[in-house]
Each structure stands twice: as C-alpha cells, then as structure tokens.
Amino acid sequence: MPPIEVMSQPNIAALADHDHTNALYRSNTANEGSIDGTIGHSFTSAKAPSSSAFPHHVRLRSRRPSKPASTDNASSPQRLSPKRNVILNTRNPLIIWLAKNELHLSLFLLAIAHSCYWAGYEWPSLWIRMQHKSTLADNHAVEGHRYVRGIHDVKFVFYWVIQIIAARSILLHHVLPAIPRCLGITSDRRERRFCEMGWSMLYILSSWCIGFRVWQNSSYFMSTQNLYANYPDDHVAMSYGLKWFYLVQTAFWLSNVYTIHVEERRKDHNEMLAHHVVTITLVLCSYAFHFTRFGHVFMLVMDFPDIFLSAAKMFRYLGYDLLPNVLFGVFSVSWVITKHWLCLKMMISIWTQGTVSVPLEKRYPAYPNSYASYPIVGCLWFVLCMLQVILLYWLYLILKVLQRVLIKGEDADDNRSDDDEDKNEEEESTVVEDGLDSGIDTSSSCSM
C-alpha cells in the first residue's frame, strides 16, 4: 500500500481556492460565453484553465451589461418634444429646428410685415397685396379689376406660404387636438393623424369652395370650349379671384413639400413628394403659358375626391366603423371619375382645342403672349402623364382596399399613406413615444 501524503493546511486552502476559481470560470462561461465582456466562446468549446493560468489571488470579472442595439438612424421615428405630439423621421438639424420653431418663426415674420405695412412703409404691400394690375382693362369691356403675371407674384406666394404654415401649426397643435381628447381618444398616434387629416380637409374644402365660386362666375363655367376661347388676348389678364386662387394654391403645394418632412413619414412618402413636385410644375407651367383657365378647372377636378378621403380618415381615427367605409366608397368612385376620366377629357381638350381652335396667326411664336403650339402643349402633356402614372399607382392601392372591404368584409383602411396597421398602432405608441422621454433633443446633433 503506497504511503498516503498528508497535505499541509495552507496547501489544502490553496487547492480549494483553485477549485473554486475553476468553478467560477465554468459558471461564468456557461452563462455568458466570455470573459471580460468578450462574446464569442460557447460553454461547450470552453476549456478549464491550467493551475498556472489563474492563481488563487486573481478574481474573474463578470461580463459588463451589454448596451442595447442602437436605434440611432435616420429612419427611426423620434418625438419632437415631450409637450408636442409630433414624430419626426429625420435627423436633419435644419428640419428639426424648423419643426420646433415653425409657429414662432412664421408669426414673427407676419408680425414684421404687417407692422411695417400699418406704419406706412411701401415694401410690405408688395408681399401682402396683389400686384400687377392690368392696364388693358380699360380697353376691354370687363367688369372689375384685371391682373397680369409679374415678378412680384413670387413675393405674394411666399407670403401665403408663411400664412399657410402658421395656420396649419395653430390648427394642428392647438385647436384640432381638443376634438379627439373630448371624445376620449387616448392614442397619441390616432390624435396626431386626426389632426393632420383635419387640417387637410379644412383647407381643401375651403379652397375648393372658393375656387368653385370663381369658376361659377366665369365665362368658362362647364364649357371646355371656352377654356381656350380668344386665346391669348382674353387670357393674359385674369380676374382678381382667379389670380388669387392660383397663387394661393401654388403656395399651398409649396408648403406641402415642407410639411411632409415635418410629419411622421408615411409609406408613400416618395410618391407623395413626386406628386407635389409634378403638381407644382404643372401649376407654374400653366400660369406661365397663359393656360390659367385650364389649370383652374384642373385643380378643382383633382382636389374634389380628397375631401372625402380626409373625412373618412378623420372618422376612422375617432373610432367609427360604418361612416369611414361609406366615405371611402364615395371617395373611390369620385377618384375614378375625376382623377382619371375627367382628367383624360381635359388632357384631350388641351391637345385638340388648345391648339387647333387657335388660329395660325395667333400661335407661338408669331403672336405675342401666345404659347399655343404642339411642342409647348406636349410639355404640359408630359407632366400630365407623369401625374397619371402616380395616380394609377394609388388607384391600384385603392382597389386593393376595396377588395378587402367587399370580399373579405374588413374595414376600409387606405394603405396609401398610413405606415402602420390598426393592430400595431398602440404598440407603436408605446415603443416609439414612451421610449423617448427626452425627445429629439437628446440626439439632435446627429444628421423630413
């Protein structure tokens, strides 16, 4: 029998401490797969260290808690401020600053312009009042003042861009939110969407009624032939109502290019931006080529269905079921009639009547102020065709919604613009809004 070696007390203590160290290593490796916070070794591949690797006086450090995955990117939604129900999808510092200060900045500029105007200065009148009154009115048997186009129209448009942004900010953040709150709506997203649709419906309905009144009092009411009658002599000078409607509508579309960047990003953001750019191009070209009668009626035709769409979304965000479906059905029918059938008729009319009905001696370039020629009308046609491509894409999405409603019996949820389904809206509010206590201010240094 071999002799039994008796270990001294210090050696027994060192061995126990070494075994305890190995046990800590295995436990730490099994739970975390790494030492000193380095991930990459699983428990099965880890080997126990040798006795010389970890002396008894060395203590293994537990892995530091890992930081959550960074969500600091340009597409992640961010709350503008804790007190305002605004979600941005951009880190552009200029857009963030404009979104924070749009109301104060616009009111400040308007206050300066009107204060100087009331004080008797002349320069504010170039921005506030309609300019370029026609001197040809005395030579024609017309009623009221007539106006022509001019360089100061740019100032008038910019003035109305500021006014529209100020009116939108007041209604969006201080007036319209009271409606869903009084009805018990607690979702921030539904309140935000309701206010956006409310502003859209109020403006489009108001501008459409004004534009329809101007059209009703004109000589080309319900007559495509009169849209080009006596071109260009009777088209150079416009009535006050026609020019005001045209320039204010231009300001509205320009302001929309700004507002889609200071609102929560939608699924069709790129299509919407392209639509605004094409619409602005069409309005400016028709204004420059003296086809304002055509442009006036075209804008009325194109804006009509949007009234029903905005109203349907408003009632949907308020929690109604039947009424949004009915309004969406009316919107779908009016969309096909106005944005496709009537739009196609107007495209044919400007190609045929807008050129053929104009005598050769009054066509471009022989006659002053005349742009009636196939190349110029062809440019307008190209812009109109680009607009139709976007509208046909949206029609495809509308038909998909109608298929769900009529075949599957689901609610009408227009998927052209909303970036989330109803089943995810409460989850979105919790994850995005509650998780950002300090809002965009915490990360505004990173760069609609």
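Use the structure listed above.
All values derive from a computational prediction rather than experimental measurement. (Residues numbered from 1 in each chain as written. Predicted model: local features only at pLDDT ≥ 70, side-chain atom pairs only at ≥ 80, totals over all residues. Heavy atoms only, no water.)

Caption draft 1: Focus on the pattern of salt bridges. In this structure the tally under the stated criterion is 9 salt bridges. For the salt bridge of Arg181 with Glu191, the shortest nitrogen-to-oxygen distance reads 3.1 Å. With Arg181 in helix H5 (residues 178–182) and Glu191 in helix H6 (residues 188–216), the pair connects residues that are 10 residues apart, well separated along the chain. Take Glu191: its relative accessible area is 6%, and that puts it in the buried class. Residues Arg193 and Glu196 are paired through a salt bridge, measuring 3.2 Å at the closest nitrogen-oxygen approach. Placement of both Arg193 and Glu196 in helix H6 is noted, with a separation of 3 residues, approximately one turn of the helix. On the basis of relative accessible area, Glu196 is assigned to the buried category, the value being 5%. Taken together, the shared-partner salt bridges connect Glu102, Arg168, Arg193, Glu196, Glu263 and Arg266 into one network. (Salt bridge = Lys/Arg side-chain N within 4 Å of Asp/Glu carboxyl O. Helix = DSSP H or I, 4+ residues; strand = E, 2+ residues; numbered from the N terminus. Buried < 20%, exposed > 50% of the residue type's maximum accessible area, 1.4 Å probe, protein only.)

Caption draft 2: Inspection of a nonpolar patch on the surface at higher detail. Together, Leu94, Trp97, Leu105, Phe108, Leu109, Ile112, Tyr121 and Trp123 give the surface a local cluster of nonpolar side chains, amounting to about 810 Å² of exposed area. Assignment of secondary structure puts Tyr121 in the loop between helix H2 (93–118) and helix H3 (125–128). (Patch = residues over 30% accessible without salt bridge, like charges linked within 9 Å, V, L, I, M, F, W, Y side chains within 5 Å. Areas by Shrake-Rupley, 256 points an atom, 1.4 Å probe, with all protein chains shown as cover.)

Caption draft 3: Seen up close, the packing of aromatic side chains. Inspection of every chain in the model, using the stated rule, returns 25 aromatic pairs. Taking the centre distance of 5.7 Å and the plane angle of 20° together, the rings of Phe294 and Phe298 count as stacked. Residue Phe294 and its partner Phe298 are located together in helix H9 (residues 292–317), separated by 4 residues, close to a single helical turn. On the basis of relative accessible area, Phe294 is assigned to the buried category, the value being 2%. Classification of Phe298 by relative accessible area gives buried; the value is 5%. The cationic tip of Lys339 hangs over the ring face of Trp335; the distance from NZ or CZ to the ring centre is 5.0 Å. (Phe/Tyr/Trp six-rings, centres within 6.5 Å; stacked < 30°, edge-to-face > 60°. Lys NZ or Arg CZ within 6 Å of the ring centre and 35° of its normal.)

As far as function goes, none of this settles anything; it's purely spatial.
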